[in-house]
Amino acid sequence: MRSRPMRWYGPGVSPLRPGAIVATFLACASVLSLGCRAKSRPDTRPYSEAQRRLLQSADPEERVRVIEKFLAGPAEEGKTYVSLLEEGALVAETELNDPDRAESLYRLALTESRGSRRSRLVELSYLEWLGKHRDAAFPAAVDRLQEGEPLEAWDHLRISDAALAASLWELAELHAQQALELQDTADIGGFALLNIGWAEANLGRPEQALRSFQSADRLLPRHFAGLSPSPLDLYWGQTHLLMGNDDAAIDRLLPEVVFRGNEGALRALELAFEREHGSAAGLEGALSAYQQEHAPPAPDFTLADYEGVSHRFSDLVRGKAAVLVFWFPT
Amino acid sequence: MPRLEPLWRKYGREGLVVIALETTGDDDLARRFIAEKGLSFVLLRQEPTRHNVSQSLYGVTFCPQTFLIDRNGRILHYHPSYSPGDDARIEKQVLELLLNQS
């Protein structure tokens, strides 16, 4: 069974804020979808062995070596493989400050995966890496991807996302259009329209972009405090800013800054605020007023810990400041 | 996630509570991780279904995601990923939450 790829990017990820987040999300998405499967298999799998060794070592050089060995070994298909590949590349880049080492991991994985079913996943992952680095090899890598089996809607969407990260707007628009033509779910359509809109805004067609964002908004969900799980409001707000609609830009960007601390949104918001009010001096006040007015209550629940003791969330946090983190072991 | 351990040790006595909810339901791996990292804050588990707490109540479909909650139980900050520099941001926000007694 081919599981549906999860949306890998988070709201903070945009061409304004490239970095390690995309790779982190990819690793997360892959590991999340693995949860059940990993449990029912014996622990001698190369993936489990590699994970165990990674848990035991905090040394980045050692971690990258463990992953190299895993990538070159008799590894399994698919997402486990790609999730460790991306983790290795992330460690090489952010902890060893060695992007060449990261790229060599991708090249190793491409060679080891040639002709196997996971080859497409590895190629897409490599493409995302090239996009983040605005690498000149990006268009040729897209061509190679299109030579194989026909791409699915999600594949086109990932190519489009990577092209946005590389500021290759025409390519981003083209692949989002192709995703839209092949779409089979509302969220594919929503994400495709979102990318089309941001490409349009950057290609000097902001009026069209606003229409695309409106259509995307009808298809994508909104969660906590009305936030979109996608960069919709960030792109939308920045498009308003481009058009000189400063008050509309402020409306879109305020919640992104207040509840998410999104730095791309903050830079855009400062600019909009300055143009609208003559100075950014009142921004801090506007941010805390918005927060006081719109902060939602944390939903209550009861769950057990690892000793089987049941805890009610509202009892744990009553009168206290709390950090609630949703995590997976990696 | 293990980065929250020093934060909790530093501010636990000042009225901070740290709660981590593992999202995949892979208890074996989670237990190993918790022991390996020596985590001592509140660690909860859930079943990996579509209707669990993380997805149905908090709309969490990818990890890690961090919510910061004030003394009145309101979500004041939200980090929908981990990016470099978040530790410092989270510590600053936690301090604000702790200083606000109301």
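Each chain carries its own residue numbering, running from 1 in the direction its sequence is written. For this description, chains carry letters from A and ligands carry numbers from 1, given in the order in which they are written. Residue-level local features of this predicted model are given only where pLDDT is at least 70; pairs of side-chain atoms are given and counted only at 80 or more, and the full residue set underlies all totals for whole chains, interfaces and linings. With hydrogens and water excluded, all non-hydrogen atoms of the structure serve as input to the side-chain values.

A. A look at the overall build of chain A. Helix and strand assignments come from DSSP, with helices taken as H or I runs of at least 4 residues and strands as E runs of at least 2, each series counted from the N terminus. When helices and strands are tallied, chain A shows 16 helices and 3 strands. For the exposure calls, accessible area comes from a 1.4 Å probe over protein chains only, and a residue counts as buried if that area is under 20% of its type's maximum, exposed if over 50%, partly exposed in between. Here chain A, with 330 residues, has 56% of them falling under the buried criterion. Note on definitions: a residue-residue contact is assigned when non-hydrogen atoms from the two residues lie within 4.5 Å. For chain A, long-range pairs separated by at least 24 residues make up 59% of all intrachain contacts whose partners lie at least 6 apart in sequence. Here, Shrake-Rupley sampling with a 1.4 Å probe gives the accessible areas, and only protein chains in the shown set may cover a residue. Summed over all atoms, the accessible surface of chain A reaches about 13900 Å², with 51% contributed by carbon and sulfur.

B. Broad picture of the interface of chain A and chain B. Each partner contributes residues to the interface: chain A has 56 residues there, and chain B has 61 residues. Regarding the contact of chain A and chain B, the summed buried area is about 5800 Å², with carbon and sulfur atoms giving 65% of it. Put simply, buried area is how much 1.4 Å-probe accessible surface two parts lose in total, over both of them, once they are put together. The three residues of chain A that bury the most area against chain B are Tyr306(A), Phe326(A) and Trp327(A), which together make up 17% of that side's buried surface. We define a salt bridge as a side-chain nitrogen of Lys or Arg found within 4 Å of a carboxyl oxygen belonging to Asp or Glu. The interface formed by chain A and chain B includes 1 salt bridge. For Glu263(A), the salt bridge identified is with Arg89(B), shortest N-O distance 2.3 Å. Counting of polar contacts relies on pairs of N or O atoms within 3.5 Å, with two restrictions inside protein: one atom must be capable of donating a hydrogen and the other of accepting it, and residues adjacent in sequence are counted only when both atoms are side-chain atoms. At the boundary of chain A with chain B, the tally comes to 21 residue pairs in polar contact (both at pLDDT 80 or more). Contributions of two or more residues to the side of chain A that touches chain B are made by helix H1 (21-40), helix H2 (46-56), helix H13 (246-260), helix H15 (283-294), strand E1 (302-304), helix H16 (313-317) and strand E3 (321-327) of chain A. With 10 residues, H1(A) is the single largest residue contributor to the side of chain A that touches chain B.

C. Focus on the confidence of the model for chain B. Residue and element names in this part refer to chain B. When pLDDT is averaged along chain B, the result is 86; 96% of the residues meet or exceed 70. The score called pLDDT rates the predictor's confidence residue by residue, from a low of 0 to a high of 100. Mean pLDDT values for the elements of chain B range from 81 in helix H3 (residues 53-57) up to 96 in strand E1 (residues 16-22). Predicted as a complex, the structure gets a pTM of 0.76 and an ipTM equal to 0.96.

D. Representation of the environment of Pro221(A) within the structure. The topology assignment puts Pro221(A) in the loop between helix H11 (206-219) and helix H12 (232-243). Contact partners of Pro221(A), with chain neighbours within four places excluded, come to Ser228(A) and Pro229(A).

E. Structural detail: the pairing of strand E2 (residues 42-45) of chain B. Residues and elements named next belong to chain B. Here, any two strands with at least 2 DSSP bridges between them count as paired. Across 4 bridges, E1 lies against E2 in parallel orientation. Paired with Ile 19 across the strands is Val 42, a residue of E2. Orient the strands so they point away from the viewer, and a crossover whose first-strand-to-second-strand path over the helix runs clockwise is right-handed. You can see the chain leave E1, run along helix H2 (residues 27-37) and come back into E2, and the turn it takes is right-handed.

F. Representation of the pairing of E1(B). Most of E1(B) sits out of view: 7 of its 7 residues are buried. Neither face of E1(B) is open: one carries Leu16(B), Val18(B), Ala20(B) and Glu22(B), the other Val17(B), Ile19(B) and Leu21(B), and all of them are buried. One ladder, built from 7 bridges, connects E3(A) with E1(B); its direction is parallel. Its bridge partner lying in E1(B), Trp327(A) is registered against Glu22(B).

G. Quick peek at the environment of Leu151(A). Residue and element names in this part refer to chain A. Residue position: Leu 151 is located in the loop between helix H7 (138-147) and helix H8 (153-165). With relative accessibility at 11%, the residue Leu 151 sits in the buried group. Sequence separation between Leu 151 and Leu 164 is 13 residues; the distance between their C-alpha atoms is 18 Å. Discounting chain neighbours no more than four positions away, the residues touching Leu 151 are Arg 120, Leu 145, Gln 146, His 156, Ile 159 and Leu 182.

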